[in-house]
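# Topology and contacts: notes
Here is how the chains run, residue by residue.
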Amino acid sequence: KRVLTVPETGLVVLVGVSGSGKSTFAARHFRPTQVISSDFCRGVVSDDTDDQGASADAFALLHHIVATRLRRGLLAVVDATNVQRAVRGQLLRIAKEHDVLSTAIVLDVPERLAQERNRARTDRDLPAHVVPRQRRDLRRDLRNLGKEGFRRVHVLRGEDEIDAAAVELER
Ligand code: CTP
Ligand code: MG
């Protein structure tokens, strides 16, 4: 069993393509209130968790919730794909402003598995070209996540490593 250590008051950024299992992982390892998802925020501002046109407002809300939790000394786990460097950069900036450490947890699954899962989903209707693009973004940045400003980067490769992971909050 691999134990991922995460600062109790800080930012956790989940990183992975659609269908990599971020929301499943978040539900398993964190309390619901500790997790802020882009889906939830899209739903709040549009009544449709899949409305991509609501993204700007959804992310503004997500950032506001993250900042508020960090200011109050709470853990904030961001459940969104976070495969783009600029998107992670916005989150890292918020963490820095609140003087807390950031952790990245990368769920790196084979493209085939993500596509298979997405096809079976009823909560999402994802065009097939989306995952390959997300995967390209992720692979390009994977080795440099530490340099972006994450104190710790945990990379879980494949279903077995993801299943075997445990999360430990440290003060
Ligand atoms: N799933 C699964 N086994 C796992 C993890 C996920 O069967 N070990 C399934 C989930 O039940 C879900 C689908 O795969 O139907 C996608 O998982 P999810 O956690 O929702 O993936 P996310 O990474 O959150 O995808 P998105 O970015 O689209 O929200
Ligand atoms: Mg999800």
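Further up the page is the structure itself.
Notes on the structure in this doc start here. From a predicted model like this one, the values you see are computed outputs, not experimental measurements.

Ligand 1 sits among V17, S18, G19, S20, G21, K22, S23, T24, T81, R117, R121 and R124. Within the side chain of R117, an N or O atom sits 3.4 Å from a nitrogen atom of ligand 1. Judged by the fraction of its atoms near the pocket grid, ligand 1 is located in the largest pocket. In terms of residues, the shell around ligand 1 owes the most to one element, helix α1 (residues 22–29), which gives 3 residues. Classifying every residue of the shell around ligand 1 gives 1 nonpolar, 7 polar and 4 charged.

With that out of the way, let us pick up the environment of G89. Tracing the backbone through its elements, the reader meets G89 in helix α4 (residues 85–97). The spacing of G89 and G149 is 60 residues in sequence and 8.5 Å in space, taken between C-alpha atoms.

Strand residues, when the strand is regular, have side chains that alternate between the two faces of the sheet. In terms of burial, strand β2 (residues 10–15) is largely enclosed, as 6 of its 6 residues are buried. Because side chains alternate across β2, one face comprises the buried residues G10, V12 and L14, and the other comprises L11, V13 and V15, equally buried. Examined bridge by bridge, β2 and strand β4 (residues 76–79) share 3 bridges and lie parallel to one another. When the bridges of β4 are listed, L11 appears paired with A76.

Glancing now at the pattern of salt bridges. For the structure on display, the rule yields 14 salt bridges. Here R88 ties to D141 by a salt bridge, and the two come within 2.8 Å at their closest N and O atoms. Here D141 lies in helix α6 (residues 130–141) and R88 lies in helix α4, a separation of 53 residues in the sequence. An identical accessibility class is assigned to R88 and D141; each is buried. Residues D108 and R139 are paired through a salt bridge, measuring 3.3 Å at the closest nitrogen-oxygen approach. With D108 in strand β5 (residues 101–108) and R139 in helix α6, this pair connects stretches of sequence that are 31 residues apart. A cluster of three or more residues bridged by salt bridges with shared partners is formed by R88, D137, R140, D141 and E148.

Rules used in this analysis
- Residues numbered from 1 in each chain as written.
- Chains lettered and ligands numbered in written order.
- Predicted model: local features only at pLDDT ≥ 70, side-chain atom pairs only at ≥ 80, totals over all residues.
- Heavy atoms only, no water.
- Near = heavy atom within 4 Å.
- Polar contact = N/O pair within 3.5 Å; in protein donor to acceptor, adjacent residues only side chain to side chain.
- 1 Å grid on protein atoms, 1.4 Å probe; cavity = no way out; pocket = protein on both sides within 12 Å on 5 of 7 lines; lining within 4 Å.
- Sits in = over half its atoms within 2 Å of the grid points.
- Helix = DSSP H or I, 4+ residues; strand = E, 2+ residues; numbered from the N terminus.
- Nonpolar A, V, L, I, M, F, W, Y, C, P; charged D, E, K, R; others polar.
- Buried < 20%, exposed > 50% of the residue type's maximum accessible area, 1.4 Å probe, protein only.
- Pairing = 2+ DSSP bridges.
- Salt bridge = Lys/Arg side-chain N within 4 Å of Asp/Glu carboxyl O.

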